[in-house]
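This is what each chain is made of:
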Amino acid sequence: MSVVNPPYRIRSDISRVIQEGFEFPLGIEAVSSRPVQEGYSLDWVEGGDEGPDTFTFFVVLSHGRLCSLLIDLFKLLPERVSGIIEMGSRDAFRAVDIFLGERPIARDRFLETWHAYETIFLEDTSLAVGVNADAPFMEIFLDQDKRVTVHVEPGRRDEIEALLHAHGLSQQESGALDMPESEFEQIQTRSILVEDPSLLCDIDQLLLVLRHDWALILDEDEDRNLDAGGRELGRTLWHSIVLVQPSGVLSDGFAHAVLWACASSRRELERMVRDQLAESSEWVLRDFYTLDRVAFDDRPEELSSVTPRHPRSEIFMFQIDEQDQSDIGGD
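Residues numbered from 1 in each chain as written. Predicted model: local features only at pLDDT ≥ 70, side-chain atom pairs only at ≥ 80, totals over all residues. Heavy atoms only, no water.

Comments concerning the pattern of salt bridges
Counted under the stated rule, the structure contains 23 salt bridges. Where Arg147 meets Asp143, a salt bridge forms, and the shortest distance between an N and an O atom there is 3.0 Å. As far as burial versus exposure is concerned, Arg147 and Asp143 are alike and both buried. Taken together, the salt bridges that share partners define one network made up of Asp91, Arg94, Asp97, Glu220, Arg266 and Arg293. (Salt bridge = Lys/Arg side-chain N within 4 Å of Asp/Glu carboxyl O. Buried < 20%, exposed > 50% of the residue type's maximum accessible area, 1.4 Å probe, protein only.)

Written out as structure tokens, the structure reads:
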């Protein structure tokens, strides 16, 4: 069984899928009958306002060889880097949550956290993880299916190719490693973490830790309320689990609060929460454990009187569990 830092545990009741010697991550339960080919493809990508011209390497290799390749790639990063997390979203108006580094951090800090949760990153198909740097530009991205994409400036092409050859990988024709859509539809995924109600060790908790360690923020406009297509939504219903701690007390303890509200942006909602807490002077905001928009049709029974196009921003429910004093990290 794979090793991972407590309190997270990998399920012991699942077996790795292996097809003709190719090992898949534990998060994949079933695959198509089409054999998977190892290797890499190479494409030229023209830059623009978003970044420089790059060579893009797309790499497919068996799970057992993935870790050593990534570690060697990380050695090529400069001293300052920015982390990337991509995962499925519970938000009613987008399918994917993307978290990017708000500011560069030390490469050693990135790697320390990477090593602590490496097994989850390599096995969990609900998460995609990456890192990039500006000087010189380089990006390493491990997608949900645990394929690796590497973007580098033109002068580093030979360096990356030499590394891939050292790992026994050869170049394939562009598109040869891509899986047809019909093949993707046959892939079945599963959760890999042991669920323990007595422990906070789910993906939301891991994301909270990563947001802190890698200085990540959600890649969205905090002052606007947009759907995935960029359309203005106006006011929407929000649900959140909020972490609060006693005001004026130096402690690692905190409590959870359940929030339901109507707001026109994430920043407005956060301001509303801080204002409500300030009225009592008993609690202060520590962080948002979860924060998602909810379709009005999915509102709880307690909010049945709330209708779409609610005329004002308002907190409908803010319940603090004062008996809950625990610590889940992410200070």
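Moving on from the coordinates now.
Re the side chain of Asp213
Examined against the element boundaries, Asp213 turns out to sit in helix α6 (residues 203-213). The charged side chain of Asp213 is buried without a salt bridge, its nearest counter-charge being Arg109 at 5.4 Å. In contact with Asp213, other than residues within four places in its own chain, are Ile105, Arg109 and Thr113. (Helix = DSSP H or I, 4+ residues; strand = E, 2+ residues; numbered from the N terminus. Lys, Arg positive; Asp, Glu negative; His and termini not counted. Contact = heavy atoms within 4.5 Å.)

Regarding the sheet that holds strand β16 (residues 283-294)
Note on sheets: strands pair through backbone hydrogen bonds, and any given pair is parallel or antiparallel. Read across the sheet, 4 strands follow the order β16-β14-β15-β17 without closing on themselves; strand pairing throughout is antiparallel. Looking at which strands have only one partner, the edges of the open sheet turn out to be β16 and β17 (314-320). Geometrically, the sheet is characterised by an average inter-axis angle of 20° between neighbouring strands, direction not taken into account. Taken together, the 6 bridges between strand β15 (residues 255-263) and β17 define a ladder with antiparallel strand orientation. Bridge pairing links Leu259 to Phe318 in β17. Running over the sheet, α6 touches β14 (236-246) and β16 and is turned about 120° from β16. On the sheet, helix α7 (residues 266-280) packs against β14, β15, β16 and β17 and is oriented at approximately 145° with respect to β16. (Pairing = 2+ DSSP bridges. Axes fitted to C-alpha atoms, helices over the stretch in contact; angles between N-to-C directions.)

Some points on the nonpolar core
In terms of nonpolar packing, the biggest core is built from 55 residues, with Phe57, Ile85, Trp114 and Trp214 touching the most fellow members. The residues touching Trp214, leaving out its near neighbours within four places in the chain, are Gly83, Ile84, Ile85, Gly101, Ile105, Arg109, Phe110, Thr113, Trp114, Phe121 and Val129. The next biggest cluster of nonpolar side chains, apart from the first, holds 18 residues, and it includes Ala255, Ala263, Leu291 and Phe318. (Core = buried A, V, L, I, M, F, W, Y, C linked by side-chain atoms within 4.5 Å.)

Looking at helix α4 (residues 157-166)
Restricting attention to buried positions, one finds in α4 the residues Ile160, Glu161, Leu163 and Leu164. Relative to the axis of α4, the buried residues are bounded by an arc of 160° and lie together on one face. Exposed and facing more than 90 degrees away from the buried side of α4 are Asp158 and Ala166. Along its buried surface, α4 packs onto β4 (39-45), β5 (54-60), α1 (63-74), β10 (137-142) and β11 (148-152). (Arc of directions from axis to C-beta.)

A short note on the packing of α1 against helix α2 (residues 107-116)
One can describe the packing of α1 onto α2 by two numbers: an axis separation of 12 Å at closest approach and a directional angle of 170°. On the basis of their axis angle, the class for α1 and α2 is roughly antiparallel. Across from Leu70, Ile71 and Phe74 in α1, the residues of α2 making contact are Arg107, Phe110, Leu111, Trp114 and His115. (Parallel < 35°, antiparallel > 145°, perpendicular 65-115°, else oblique.)

Quick word on unusual backbone geometry
Along the chain, Ala135 connects to Pro136 via a cis peptide bond; the corresponding omega equals -10°. Even without glycine at this site, Ala215 takes up a positive phi of about 55°. Relative to the elements of secondary structure, Ala215 occurs in the loop between α6 and β13 (216-218). For Arg309, which is not a glycine, the phi torsion comes out positive at approximately 60°. Its place among the elements puts Arg309 in the loop between β16 and β17.

Focus: the pairing of β14
Sheet faces and side chains relate simply in a regular strand, where the side chains alternate between the two faces. Burial analysis of β14 places 8 of its 11 residues in the buried class, which makes it a mostly covered element. Alignment of β14 against β15, held across 9 bridges, turns out to be antiparallel. The residue bridging Leu237 from the neighbouring strand is Cys262, located in β15. Relative to β16, β14 runs antiparallel, the two being bridged by 10 bridges. When the bridges of β16 are listed, Ser240 appears paired with Leu291.

Side note on the packing of aromatic side chains
Counted according to the given criterion, the structure contains 10 aromatic pairs. Pairing Tyr40 with Phe57 gives two aromatic rings, centres 5.9 Å apart and planes at 50°, and the pair type is tilted. With a gap of 17 residues between them, Tyr40 in strand β4 and Phe57 in strand β5 connect regions that are remote in the sequence. Comparing Tyr40 with Phe57, the two get one shared label, buried. Their ring planes at 40° and their centres at 4.9 Å tell us that Trp114 and Phe121 sit as a pair that is tilted. Taking the relative accessible area as the measure of exposure, Trp114 reaches 1% and is therefore buried. Residue classification places Phe121 among the buried positions, given a relative accessible area of 0%. Ring pairing ties together the aromatic residues Phe74, Phe110, Trp114, Phe121 and Trp214, which thus form one cluster. (Phe/Tyr/Trp six-rings, centres within 6.5 Å; stacked < 30°, edge-to-face > 60°.)

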